[in-house]
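# Results of the structural survey
Listed below, chain by chain, are the residues.
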Amino acid sequence: MGILIALDNIEKIYNTGAMKVPALCGVSLTVHSEEFVAIMGASGSGKSTLMNILGCLDRPTSGTYRFDGQDVSQLSRQELAHIRNRKMGFVFQGFNLLKRHSAVENVEMPLLYAGVSSAERRRRALTMLEIVGLANRGHHMPNQLSGGQQQRAAIARALINQPQIILADEPTGNLDSHTSDEILREFQKINQERGQTIIMVTHDPHIASYADRQIVVRDGLIESDSTAGAQLRRHEEEMDGVIPLKTSSPRKSLQSKAR
Amino acid sequence: MSFFSAIRVALSALLVNKGRSFLTSLGIVIGIGAVIAMVSAGSGARYKLEDRLDSLGKNLILIRPGSRSAQGFTQDYEPLTRDDAEAIRKRVGNILTGVAESQITPRLVQSRTAVHGTQIVGSVPELREIRNWKVAMGRFYSDDDVKKAARVCLIGQTVRQKLFPDSTDPIGKDLNVGGVHLRVIGVLGEKGRSPTGPDQDDQVFVPITTMQSQLGARKEITLIVCAAKSENLLDRAKEEITKVLREHHHLRPGAADNFDVSSVREMAELAVVVTTVMQILIAIIASISLIVGGVGIMNIMLVSVTERTREIGIRMAIGATPMDVLVQFLIEAVVLALVGGVIGITLGISGAVGLSHLAGWPVVVQPGTVLIAFIVAAGVGIFFGYYPALKASRLDPIEALRYE
C-alpha cells in the first residue's frame, strides 16, 4: 500500500504561438496503490491535462512527478513509452480499439510491444477476456461488439500487462446508463478483488461516486479532495439493501491516508 | 517488438488494401522488370553475335575496294584485282594462313527439278581453309581447277535442299547457271547465318577463273579474304597489307586509302560497345521508372500515416516507442518495394525468355543482376519510406488520439 503517484507542484503551460495558456497552475497530489480515485472537473478545468501527465503522455512544464518511486518528469519519449507499456493501462471514452484487429488481437497488443512471444500473448489475452466476461467473443471484430463489450475488451487490454495503475478517461461517456453501471461495477470489482489502482476522469458526480475518493479540479488547481462522495453512495446502497451492512470496513483506513 | 512480429504487422496492414498496395508497387515492378529483361536481352544478343563472329573466323581480315567513311559509305573507289591479291600473298603471306580473292554475284541456278536464286562465289582453294569450311561430301575445287577454269562447283546445304529436294546424291549432277553447265563436285558442311544476316549455306562455290571467263563476270574482285596466323599477328597483318596495297595502287603519302582493310575482331568489338551502350541507356531509363515508383511509395505511405494517425496514437498509448512506429512503417514501405521487386524480377525473366525465343538468342540471366535488382528494390523502399515513417514516429500521442 505504498505511494504510487506523487505530484509536486505540477504546472503545465501551453505555448500557442502568441499566447501562453496555463492548464495546470501548481497541482500536488498523492495516490496510494489500491486506491480508486475519480478526478472531476468541468471542461477546461485542466482535468484532461492532469490525466495526460499522470499517464506519461505529456510532460509538465515544471514540478516533479514521481511514479512508483521514479521521477518521470524528465524521461525521454522512449522511456515514457516503456512505462506506459509495463506499468499503465488506459481506458478511453471512445474505446480506441484498433478496428482492423479482432478483440483478442487488441487485448494482446501491449504484450507485443513488451516482446512477449506469440503463443504466450494469445494465452494471456484469452484468459483476460474471460475475466472481463468476453470469453466467447475473442475473435469478433470491434464492429461486431456492443459498446459495453468493446469497453470490456479495452479494459482487458489495459489489464493485460498487470499494470500498476489503470487510467480511465470518461470510460462511460459513450455508453447508456445501464451499461455504464456495469462497467463501473467492473472497475470496482477489479479494484476490490485484484487491488488494482484506478484513476478515473469524469465530469459527472454520480459516476465519480463509484470511486472511493473524489478530487475536484478547477481552473488548473485542486479544489477539493475527499472521500465523502463514496461514503454517501455506500450509505445509499446499504440502505437500499444492495450491499450488506458492514460495521467496519477495510476501506476506512484509506480515508485517513487520502488527506 | 521483435523483428518477425514487425514484419507480420506490416504485412497485415498492407493486405488491408491489396489493390492500393499493388498499384503502389507497380512503378517498382516496371522498373525492375525492364532492367532485367533488357540487360538479359543485351547479353543474349551479344552472346549470339560473338558466336556468329566465331563461326566467321576471329582472325579474319576483309579487304574491300573503296574506302569506307565513318558512316559506312563508299568513297574513292578503285577496284581490286587478282594482282593485288598476289602481291599480298607474296609480301605478307608469311603471317597469313592464306589469301583468297573472291568475286560474288547473285544468279539463278537450275537443277533438273528446281530453280533457286543464290550467290555464286568465285574464289581460290585457300578460301576453304581461311573460312574454315568443312566439306561434307565430295571435294573442294583445286588449283588445277582454277588454272583450267573448270566447270565445277560446290554447293552449300541450303542450296542442296532447294535444288535436290528429294535427297538424291548431288555429286556428279549438273547445274545450269545462265546456260553454262557446272558439275557438282562437293557439298559443304553447315555454317548458319553470318553476323550480318545472310545465310552462309545459301551459296555456290566455283573457281574464280570459271566465274570470270565463263559466267560473264567482270574482272574485278569483290573482296579479298585472308586470315592472320594468330590473334596477336592481326594488327601487324593489317598494317602490312595496307602498306602493300598503297604501293600497288601507287598512292602518295598523305593520300587516303582507296580500299578498306578491316578485321572481324574490330566488328565484334564494335558490336560489344554498341550493345553495352544500349544496355546502359535502358538501365538509366528504367532507373527513372524506379525513382517514380519510389516517389509513389512515399506518397502512399504519407497518406497511410495520416489515415492511421489515431491508430498510431493508440499504439503509442499502450507502449509503442517512436522507434517501434518508425520501424513498422519503414518495413511496410520496404515490403511494398520488395514485393514489387520480386514481381518485377519474375516478369523480367519471363520477358527475357520470351525475347530470346523470338530473336533466337540464348537466355542469359545472371544471378548477379537479379541480386542487384533485389537490393535496389529494397533500397528504394528504405529511401523513400523513411520520411513517412519518421513523420509517423514523431506524432504527439495526445494529438494523435484526438484525430478523427
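Residues numbered from 1 in each chain as written. Chains lettered and ligands numbered in written order. Predicted model: local features only at pLDDT ≥ 70, side-chain atom pairs only at ≥ 80, totals over all residues.

On to the overall build of chain B, then. When its secondary structure is counted, chain B shows 13 helices and twelve strands. For chain B, whose C-alpha radius of gyration is 33 Å, the value lies well above the compact-globule estimate of 22 Å for 404 residues. Seen through its C-alpha atoms, chain B measures out along the principal axes to roughly 105 × 60 × 30 Å. Taking all 404 residues of chain B together, the buried fraction comes to 39%. Look at the contacts in chain B between residues 6 or more apart in sequence, and 83% of them connect residues 24 or more apart. (Helix = DSSP H or I, 4+ residues; strand = E, 2+ residues; numbered from the N terminus. Rg over C-alpha atoms; globule rule 2.2 N^0.38 Å. Buried ≥ 20, exposed ≤ 12 C-beta atoms within 10 Å, placed from the backbone. Contact = placed C-beta atoms within 7 Å.)

This brings us to the sheet that holds strand β4 (residues 62–67) of chain A. Residues and elements named next belong to chain A. Within the open sheet, the four strands sit side by side as β2-β1-β4-β5. Their pairing is antiparallel. The sheet is open, and its two edges are formed by β2 (19–32) and β5 (70–71), each paired on a single side. When β4 meets β5, the two strands line up antiparallel, connected through two bridges. The partner of arginine 66 across the bridge, within β5, is aspartate 71. (Pairing = 2+ DSSP bridges.)

Moving on, we come to the interface of chain A and chain B. Contacts between chain A and chain B engage 20 residues on the former and 17 residues on the latter. The set of elements that each furnish at least two residues to the side of chain A that touches chain B consists of α2 (77–87) and α3 (103–113) of chain A. Partitioned by chemical class, the residues of the side of chain A that touches chain B number nine nonpolar, six polar and five charged. (Nonpolar A, V, L, I, M, F, W, Y, C, P; charged D, E, K, R; others polar.)

Turning to helix α4 (residues 118–131) of chain A, a few remarks are in order. Since the α-helix turns once every 3.6 residues, residues separated by three or four places project in the same direction. Residues and elements named next belong to chain A. When the terminal C-alpha atoms of α4 are compared, their 20 Å separation across 14 residues agrees well with the 20 Å that a helix rising 1.5 Å per residue should span. Residues of α4 that are buried: Arg121, Ala125, Met128 and Leu129. Each buried residue of α4 lies within a common arc of 100° when the element is viewed along its axis, so the set occupies one face. For α4, exposure combined with an orientation more than 90 degrees from the buried face picks out Ala119 and Glu120. As for α4, its buried residues are in contact with α3 and α5 (147–159). Count one or two residues on from α4 and you reach glycine 133, which has phi positive near 85°. (Expected span 1.5 Å × (residues − 1). Arc of directions from axis to C-beta.)

Our focus in this paragraph is the pairing of strand β9 (residues 213–218) of chain A. Regular strands place their side chains on alternate faces of the sheet. All names here are of chain A. Of all six residues that make up β9, five are buried, and the element is covered over most of its length. Bridge analysis of strand β3 (residues 36–40) against β9 gives four bridges, and the strand direction is parallel. Along β9, the bridge assignment pairs alanine 38 with glutamine 214. Taken together, the five bridges between β9 and strand β10 (residues 221–226) define a ladder with antiparallel strand orientation. Bridged to valine 216 within β10 is serine 224.

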